[in-house]
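Structural features, examined
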Amino acid sequence: MKRESFNSRLGFILVSAGCAIGIGNVWKFPYLVGQNGGGLFVLIYLVFLALIGVPILSMELAIGRASRKSVVQAYKKLEPAKSQWHLHGWIANIGCILLMMYYTTVSGWMLDYAFRFLTGQFRHVTLMSADGVFAQLLSNPAEMMVAMIVTVIGGFIVCSFGLQKGLEKITKVMMSCLLGLIVLLAIHSLFLKGGMAGLKFYLMGGLRRVVLSAMSQAFFTLSVGIGAMEIFGSYMSKEESLLQESITIASLDTFVAIVSGLIIFPACFAFGVAPDQGPSLIFVTLPKVFISMPLGRLWGTLFFVFMTFASFSTVMAVFENLIASAMDNFHWSRKKATIIFAIVILVLSTPCTLGYNLLSNITVANKNILEIEDFIVSNILLPLGSLVFLLFCVTKYGWKAENYMAEANLGKGIKVKSWMIPYFRYVLPILIIIVLVQGLF
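Going along each chain's sequence as written, the residues are numbered from 1 onward. With the structure being a predicted model, the display of local features is reserved for residues of pLDDT at least 70 and the display and counting of side-chain atom pairs for 80 or more, all residues being used for whole-chain, interface and lining totals. With hydrogens and water stripped out, all remaining heavy atoms of the structure feed into the side-chain values.

With that out of the way, let us pick up the overall build of the chain. For the purposes of this entry, the term helix denotes a DSSP run of H or I that reaches at least four residues, the term strand denotes a run of E that reaches at least two, and both are numbered from the N terminus. Scanning the chain for helices and strands turns up 18 helices and zero strands. The globule rule is 2.2 Å times the number of residues to the power 0.38, and the radius of gyration it is compared with is taken over C-alpha atoms. Rg of the C-alpha trace for the chain: 21 Å, near the compact-globule value of 22 Å for 441 residues, within the 12% margin. Relative accessibility thresholds used throughout: buried, under 20% of the residue-type maximum; exposed, over 50%; partly exposed, between the two (1.4 Å probe, protein chains only). Counting only residues that meet the buried cut, the chain has 59% of its 441 residues in that class. Taking the intrachain contacts of the chain between residues at least 6 apart in sequence as the baseline, contacts between residues at least 24 apart amount to 82%. Working definition of accessibility: Shrake-Rupley area with a 1.4 Å probe, residue cover restricted to the visible protein chains. Of the roughly 17,200 Å² of accessible surface on the chain, a fraction of 70% belongs to carbon and sulfur atoms. A residue counts as positive if it is Lys or Arg and as negative if it is Asp or Glu; His and the chain ends are not included. Charge positions are represented by NZ for Lys, CZ for Arg, CG for Asp and CD for Glu. Between the centroid of the 32 positive side chains of the chain and the centroid of its 20 negative side chains there is a distance of 3 Å. By the convention used here, residues are in contact when the closest approach between their heavy atoms is within 4.5 Å.

Time to look at helix H18 (residues 420-440). A helix is expected to span 1.5 Å multiplied by its residue count minus one. The end-to-end C-alpha separation of H18 is 29 Å, in line with the 30 Å expected for 21 residues at 1.5 Å each. In this scheme, the bend at a residue equals the angle between the axes fitted to the seven residues that finish there and the seven that begin there. Along H18, the helix axis deviates most sharply at Val427, where the bend reaches about 40 degrees; the proline Pro429 sits within four residues downstream. For H18, the complete set of buried residues consists of Met420, Ile421, Phe424, Leu428, Pro429, Leu431, Ile432, Val435, Leu436 and Gly439.

When you line up the elements, Ser349 lands in helix H15 (residues 334-353). A polar side-chain atom of Ser349 sits 3.3 Å from the main-chain carbonyl oxygen of Met100. At 3.1 Å, the side chain of Ser349 and the side chain of Thr104 are in polar contact. Discounting chain neighbours no more than four positions away, the residues touching Ser349 are Met100, Met101, Thr104, Thr105 and Met148. Polar contacts, as counted here, are pairs of nitrogen or oxygen atoms within 3.5 Å of one another; within protein the pair requires one atom able to donate a hydrogen and one able to accept it, and residues that are adjacent in sequence qualify only if both atoms are side-chain atoms.

Before going further, it helps to examine the packing of aromatic side chains. Note on aromatic contacts: the rings of Phe and Tyr and the six-membered ring of Trp form a pair at centre separations within 6.5 Å, being stacked when their planes are under 30 degrees apart, edge-to-face when over 60 apart, and tilted otherwise. In total, this model carries 28 aromatic pairs according to the counting rule given. Ring geometry for Phe6 and Phe232: centres 6.2 Å apart, planes at 45 degrees, overall tilted. Here the residue Phe6 occupies a position in the segment before helix H1 (9-20), and Phe232 occupies one in helix H11 (residues 230-233), the gap between them amounting to 226 residues. Assigned by exposure class, Phe6 and Phe232 land together as buried. Plain terms: the ring middles of Phe156 and Phe319 are 3.9 Å apart, the flat faces sit at 10 degrees to each other, and that makes the pair stacked. Here Phe156 is found in helix H7 (residues 141-160), whereas its partner Phe319 is found in helix H14 (residues 296-330), with 163 residues between them in sequence. Exposure class is identical for Phe156 and Phe319. Each is buried.

To continue, consider unusual backbone geometry. Negative phi characterises most residues that are not glycine, and trans characterises most peptide bonds. Not every positive phi belongs to a glycine, and Lys82 is a case in point at roughly 70 degrees. Examined against the element boundaries, Lys82 turns out to sit in the loop between helix H4 (71-78) and helix H5 (86-118). Of note, the phi angle at Ser223 is positive, near 60 degrees, even though the residue is not glycine. Within the element layout of this structure, Ser223 appears in the loop between helix H10 (211-220) and H11. The class for Ser223 is buried, based on a relative accessible area of 16%.

Next up on the list: a nonpolar patch on the surface. On the surface, Ile149, Ile153, Ile157 and Phe161 cluster together to form a nonpolar patch covering roughly 360 Å² of accessible area. Inspection of the secondary structure assignment puts Ile153 in helix H7. Here, patches come from residues exposed beyond 30% relative accessible area and free of salt bridges, joined within 9 Å for like charges and within 5 Å for nonpolar side chains (Val, Leu, Ile, Met, Phe, Trp, Tyr). Whenever Lys or Arg places a side-chain nitrogen within 4 Å of a carboxyl oxygen from Asp or Glu, that contact is recorded as a salt bridge.

It is worth stressing that arrangement in space is one thing and function is another; only the former is reported here.
Here it is, written out as C-alpha cells:
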C-alpha cells in the first residue's frame, strides 16, 4: 500500500501544530501564568521550550520520516537486531487511547459552551449564578455524553476521508479560523478599559517558584512522548530539515499560547476578575467576563468556537495516529480502522464523561476519573516516552546519533550540529527525569 503524504508543507505544519495546539495552550497555559506571577513564567517557558520540547519533537519526526511508518513499525525498522525498542511503540499507542479517553470529554465542554453562547443561553445568567452553569453541565450525564459523542464521531468522520482529503483539508480551514479568531479576540481585549493592567501583569510579572511549572508546561505543550507527532513525520517530505520544522511548529504553538494570554488577562483585569483561578478560569471565570462586557454573547461565542477548534484539532490528529497504526500493524483498511476505533473510543471515553455525575464515587487518591487519566498521560507516559525516544535517537543501543542527525538534516533549514549531541545525550535526559520525578509528587 502506497504511503499517504501531505499535499503541501503548509498542510504538514498546520496539522502538526494542530496536534500540539490544544487545551494545554488555551486552558492550562493562561492559568499557570496567572498562578506563577505573570511575565517571568512566560520567559522561562520559552527557554525550556527551546531546550526540551524542540529537540524531542525533531526526534519523533525523524523516526517517522526515516521509517515512513507508524510508531511500532518505525521502531522495528530502525532498531538494532534483537532489540525491543518497539515495545514502547505499543505503550505509545495505549497512551494515545488513554489521552482520548478524557480529552474528548474536555473538548466536549468547549463545544457545549460555544453552543450555549451562540444560542443565547448565557443571556439570563448573572454574575452570581455563573458559577452554577459549569456545575450544572458536569451534573448532567446526558448533556455530557452528547457533547463527547459529537466530538468523537465528528473527529472520526473527518479522518475517514484520508490524510489529504480529510485531516489536512479540514485542519487547514480550522487552523486558519483559529489563528484569525485569536488575533481578533486579543485586539478586542487589549482595548478594553482597564485592560492594560492585565497586559502589564502578563508581560512583567515577578518570580514565584516558576521554574518547575514552566519546565513542565514547555515539555507537555508539544504532545511529544506518545507518538502523536511521529506519525506526521512519516507523512512529510524531505525538503525541510527537521529542526527547522520543529521550531516552526513550536513557534506556532507558542504563538497561540501567548496570544491566549493576551485575550484572557486584559479581560480579567478590565472586569476585576482574578486571573489565578486555576482550571476553572475558562469555564467559570471567563463567562463572567463575557456576561459583563458589551456584545458579550458575540465575544463569548467566538472565544469558545476558538477553544473548540483548538481542542478538536488535537482530537483529529490523535485519531489519525490510531487509524494509521492499525493500518500498519494489522493491515486494516482505513474504513475498518475508523469504525473499530470510533467504537473503542466511544466506549472508553464514557467513564470519564460520567465521572462527574453517575460515576463520581470512583476516585483514587482524591482524584476523579479524568484526573487519574490525565495524571497517567501527562505525568508518566509523556515524559517517560520522550525519554525513550531521546535515548533511542542518541545512544549506541538504539538508532544512533549519526543516523538521527543524517535524517534530521535532510533538506533546507536549521541543522542539528555535532556539538548538540553531548547535550542531547547527557543533559537532556536529566531535565526529562526532573520533569518526570517532580510530576509524580
